[in-house]
Amino acid sequence: MVLPSAILLPLYLYPSASAPWTNLYNSLTAHPNTQFDVVINPDSGPELVSPGNSALSDYVAAVSKLRTYPNVNIFGYVHTSYGDASLQPALLSNISRYATWNTYTPANISLDGIFFDEAPSAYDTSIYTNLQTATALARSSDLRRVIFNAGAVADTQYFALADYIIMYEGAYANFDAGAIGALAQAVRANSSVVVYDFTLAEADQKTFVDQLVGMGLGSFDITTTGSYSELSALWAAFTQQVSSAVGVK
Ligand SMILES: *[C@@H]1O[C@H](CO)[C@@H](O)[C@H](O)[C@H]1NC(C)=O
Ligand SMILES: *[C@@H]1O[C@H](CO)[C@@H](O)[C@H](O)[C@H]1NC(C)=O
Ligand SMILES: *[C@@H]1O[C@H](CO)[C@@H](O)[C@H](O)[C@H]1NC(C)=O
């Protein structure tokens, strides 16, 4: 069975009481049958404290609210620097730290999985082995879903480790629909794209959303911004367009 495309949101934004997280909650309510995969990123990782620490209190409040929406999967951000072996101890310790979120009892801040940024695209045995250890730790720690951000078309051997692989992360101007469309359908179903610097109009975004949903991608994001430091100016339209393209509210 091919699932409809989900919205993938790198929400690298501090959960103050202001707009971005509130806009996300509103979208989750407005589109209850659309799946949102949200990546949270306290500090290029989990922040080197446990959830009971006051440094994470805003995250605990925001994530426990996010947890009340049934149509969201929440992922904790880590970076692998393309499988750099010297970072492996920090990577494993960060995954273990996110695992403590799942056993935190004062609030439900459980995470569905881990988002591995700076994942490799070319196959390499030692990198593969490092990431195999890291993904095995995540899955055995109840962080069961794994996304790799390769940012470019990745060797499909990495699907033995990841549920989803981001096969393109880049500006809209450089997006190569042919390269993504050339992936086998079964691969596209577990592939994602993150397209930033979308500078065209809302109606053009709808055409683009329809194209990406039509390719049968697992998930994707389109944002008008050039960084992840603010939500797309077309965020509300984007969530509406994806919901109608996948045929749900
Ligand atoms: C681990 O998390 C810390 C704190 O969030 C971050 O500074 C560091 O870069 C992370 N390292 C890796 C390899 O994920
Ligand atoms: C936390 O929320 C998730 C998602 O709704 C749910 O699956 C899980 O059972 C909850 N955990 C606890 C301890 O209530
Ligand atoms: C593809 O995604 C689905 C839905 O999340 C998942 O059940 C399946 O295991 C994934 N397949 C691979 C090869 O990762």
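Please read these numbers as outputs of a predicted model, since none were measured by experiment.

Trainee: Describe the side chain of Asn-73, and please don't skip the residues or the numbers.
Mentor: Mapping Asn-73 onto the fold places it in strand β3 (residues 72-79). Within the local environment of Asn-73, its side chain forms a polar contact with the side chain of Asp-37, the two groups lying 3.0 Å apart. Those residues within four positions of Asn-73 in sequence are excluded, and the remaining contacts are Gln-35, Phe-36, Asp-37, Val-38, Asp-112 and Arg-145.

Trainee: Please set out the sheet that holds strand β7 (residues 191-196) residue by residue, giving values where relevant.
Mentor: Spatial strand order, β1-β2-β3-β4-β5-β6-β7-β8: 8 strands in a closed barrel with parallel pairing. On average, each strand axis in the sheet is inclined to that of its neighbour by 25 degrees, with strand direction left out of account. Sheet analysis places β3 next to strand β4 (residues 113-117), joined by 5 bridges and oriented parallel. Directly across from Tyr-77, in β4, lies its bridge partner Phe-115. Relative to strand β2 (residues 36-40), helix α1 (residues 19-30) is tilted by about 160 degrees, and along the sheet it contacts β1 (6-11), β2 and β3.

Trainee: How would you explain the site of ligand 1 if you had to name every residue and give the values?
Mentor: Neighbouring ligand 1 are Asp-43, Ser-44, Gly-45, Pro-46, Glu-47, Leu-48, His-79, Ala-90, Leu-91 and Asn-94. At 2.8 Å from an oxygen atom of ligand 1 is found a side-chain nitrogen or oxygen belonging to His-79. Asn-94 is positioned such that a nitrogen or oxygen atom in its side chain is 2.4 Å from an oxygen atom of ligand 1. Bound to the protein, ligand 1 loses 82% of the 360 Å² it would expose on its own. For the shell around ligand 1, the element with the highest residue contribution is helix α3 (residues 88-101), accounting for 3 residues. For the shell around ligand 1, the per-class residue count stands at 4 nonpolar, 4 polar and 2 charged.

Trainee: Describe in detail the nonpolar core, supporting the description with residues and values.
Mentor: Generally speaking, nonpolar side chains in soluble globular proteins are found buried as a group. Counting residues in hydrophobic clusters, the biggest one holds 79 residues, and the most contacted among them are Trp-21, Phe-148 and Phe-220. Here Phe-220 is in contact with Ser-5, Ala-6, Ile-7, Leu-8, Val-193, Val-209, Leu-212, Val-213, Phe-238 and Val-242, once residues within four sequence places are set aside.

Trainee: A description of the pairing of β7 should follow, citing residues and the corresponding values.
Mentor: Taken across its 6 residues, β7 has 5 buried, putting it largely inside the fold. Pairing geometry for strand β6 (residues 164-171) and β7, over 6 bridges, is parallel. Its bridge partner lying in β7, Glu-169 is registered against Val-194. Examined bridge by bridge, β7 and strand β8 (residues 219-222) share 4 bridges and lie parallel to one another. When the sheet's bridge partners are listed, Val-193 is paired in β8 with Phe-220. Handedness of the crossover joining β7 and β8 through helix α7 (residues 202-214) is recorded here as right-handed.

Rules used in this analysis
- One numbering rule holds for all chains: residues counted from 1, following each sequence as written.
- All chains are assigned letters beginning at A, and all ligands numbers beginning at 1, according to the order in which they are written.
- Local features are withheld for residues below a pLDDT of 70 in this predicted model, meaning they are given only at 70 or higher, and side-chain atom pairs are given and counted only at 80 or more; totals for whole chains, interfaces and linings count all residues.
- As a rule here, side-chain values come from all non-hydrogen atoms in the structure, and water together with hydrogens is ignored.
- The helix and strand labels rest on DSSP assignments: H or I over at least four residues marks a helix, E over at least two residues marks a strand, and numbering proceeds from the N terminus.
- Polar contact criterion, stated in full: a pair of N or O atoms within 3.5 Å, where within protein one must be able to donate a hydrogen and the other to accept it, and residues adjacent in sequence count only if both atoms are side-chain atoms.
- The contact criterion used is simple: two residues touch if any of their non-hydrogen atoms lie within 4.5 Å.
- Strands are treated as partners if at least two bridges between them are detected by DSSP.
- Between N-to-C directions, angles cover 0 to 180 degrees, with each direction set by a line fitted to C-alpha atoms, over the stretch in contact for helices.
- Any residue with a non-hydrogen atom lying within 4 Å of a molecule or strand is treated as near it.
- Surface accessibility follows the Shrake-Rupley procedure with a 1.4 Å probe radius. Residue values consider only the protein chains on display as shielding.
- Nonpolar residues are Ala, Val, Leu, Ile, Met, Phe, Trp, Tyr, Cys and Pro. Charged residues are Asp, Glu, Lys and Arg, and all others, Gly as well, are polar.
- For the purposes of this section, nonpolar cores are sets of buried Ala, Val, Leu, Ile, Met, Phe, Trp, Tyr and Cys residues that join through side-chain atoms within 4.5 Å.
- Burial classification: accessible surface area is computed with a 1.4 Å probe over protein chains only, and a residue below 20% of its type maximum counts as buried, one above 50% as exposed, and the rest as partly exposed.
- With strands facing away from the observer, any crossover in which the path from the first strand over the helix to the second runs clockwise is taken as right-handed.

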